[in-house]
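Chains, contacts and geometry: an overview
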Amino acid sequence: MEYREYKFNNSVLRIIFGDIMTSKAEVIVSSDDTWITMGGGISGCIRRQGGECIRTDAQKMLPAKLGDVIVSTAGELEYQKYIFHCLTIDYRHKDEIYKGFLTAPEDIQNYILQHSIDKCFRLMHALELTSIAFPCLGGGVAHIPLSKIAEVMSDAISAHLCKTQKSYNVELYLYDRYGHLSPAD
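Described below are features of the structure shown in this document. (Residues numbered from 1 in each chain as written. Predicted model: local features only at pLDDT ≥ 70, side-chain atom pairs only at ≥ 80, totals over all residues. Heavy atoms only, no water.)

**Observations regarding the overall build of the protein**
Scanning the protein from terminus to terminus reveals five helices and seven strands. Along the protein, helices (α) and strands (β) appear in the sequence β-β-β-α-α-β-β-α-α-β-α-β when read from the amino end. With 185 residues in all, the protein has 48% of them scored as buried. Contacts spanning at least 24 positions in sequence make up 64% of the contacts within the protein whose residues lie at least 6 apart. Within the structure as shown, the protein displays about 9600 Å² of accessible surface, and the carbon and sulfur contribution to it stands at 52%. (Helix = DSSP H or I, 4+ residues; strand = E, 2+ residues; numbered from the N terminus. Buried < 20%, exposed > 50% of the residue type's maximum accessible area, 1.4 Å probe, protein only. Contact = heavy atoms within 4.5 Å. Areas by Shrake-Rupley, 256 points an atom, 1.4 Å probe, with all protein chains shown as cover.)

In structure tokens, the structure reads:
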């Protein structure tokens, strides 16, 4: 598996071209809707490998809003302690939020990504965790453009790692399910 590694103070960020389900991080981050259906993409993989108890546990925390992060058990996943469910889609209020756009307007996309990452780092600190694996949040059904995801996620993650002396291991997984990209992309 190819990766690139970047150091920030005492922390390491690895950008990994591969499957997030191979991670040994304490937390895997999932991108999901505000009902936490875990029906497809990363969330569906997590549910299939970790068990239905993940969705059941996460749904106990509903209702939740776009941009929120819900913490659940990691179920039967071998290495993880928790799943952080970042809510990137709101089907109930889509017309009100997106106002006719096929994708969320840029300010909403920025909010979803920035707020989710900020909350993940606050939760890591509160739960005394040191490792986390992120997918490209909102890159699936939420239709946030990959260029936007790369920009906001890299800025938000590096900002958190630059301002702490704690030792965090952060993984950002890039996975091309259709085989159109290479690690150079």
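From this point, the discussion proceeds with the structure in view.
**Considering the packing of aromatic side chains**
Within the structure shown, the criterion is met by two aromatic pairs. When the ring of phenylalanine 121 is compared with that of tyrosine 168, the centres are 6.0 Å apart and the planes differ by 80 degrees; the resulting orientation is edge-to-face. Residue phenylalanine 121 is found in helix α4 (residues 106-126), and its partner tyrosine 168 is found in the loop between α5 (146-162) and β7 (169-174); the two are separated by 47 residues along the sequence. Here the two residues phenylalanine 121 and tyrosine 168 agree in accessibility, since each one is buried. Taken together, the ring pairs in this structure connect Phe121, Phe134 and Tyr168 into an aromatic cluster. (Phe/Tyr/Trp six-rings, centres within 6.5 Å; stacked < 30°, edge-to-face > 60°.)

**A look at the sheet that holds strand β5 (residues 82-89)**
If you trace the seven strands from one edge of the open sheet to the other, you get β1-β2-β7-β6-β3-β5-β4, paired in mixed fashion. Every interior strand has two partners, whereas the edge strands, β1 (2-8) and β4 (69-73), have only one. The sheet shows a mean angle of 25 degrees between the axes of neighbouring strands, direction not considered. Relative to β5, β4 runs antiparallel, the two sharing five bridges. Looking at β5, one finds that threonine 73 is bridged to tyrosine 82. (Pairing = 2+ DSSP bridges. Axes fitted to C-alpha atoms, helices over the stretch in contact; angles between N-to-C directions.)

**A word on helix α1 (residues 41-50)**
What α1 keeps buried is the set Ser43, Gly44, Ile46, Arg47 and Gly50. Angularly, the buried residues of α1 cover 160 degrees about the axis, an arc narrow enough to put them on a single face. Of the residues trailing α1, glycine 51 is marked for its positive phi of about 105 degrees. (Arc of directions from axis to C-beta.)

**Notes on the pattern of salt bridges**
Side chains bearing opposite charge may pair, as long as their charged atoms lie close to each other. Applying the stated rule across the entire model yields four salt bridges. For the salt bridge of glutamate 52 with arginine 55, the shortest nitrogen-to-oxygen distance reads 2.6 Å. Here glutamate 52 pairs with arginine 55, and both are found in helix α2 (residues 52-59), just three residues apart, close to one helical turn. For glutamate 52, a relative accessible area of 38% gives the class partly exposed. Three or more residues are tied together by salt bridges with common partners; here these are Glu5, Lys7 and Arg14. (Salt bridge = Lys/Arg side-chain N within 4 Å of Asp/Glu carboxyl O.)

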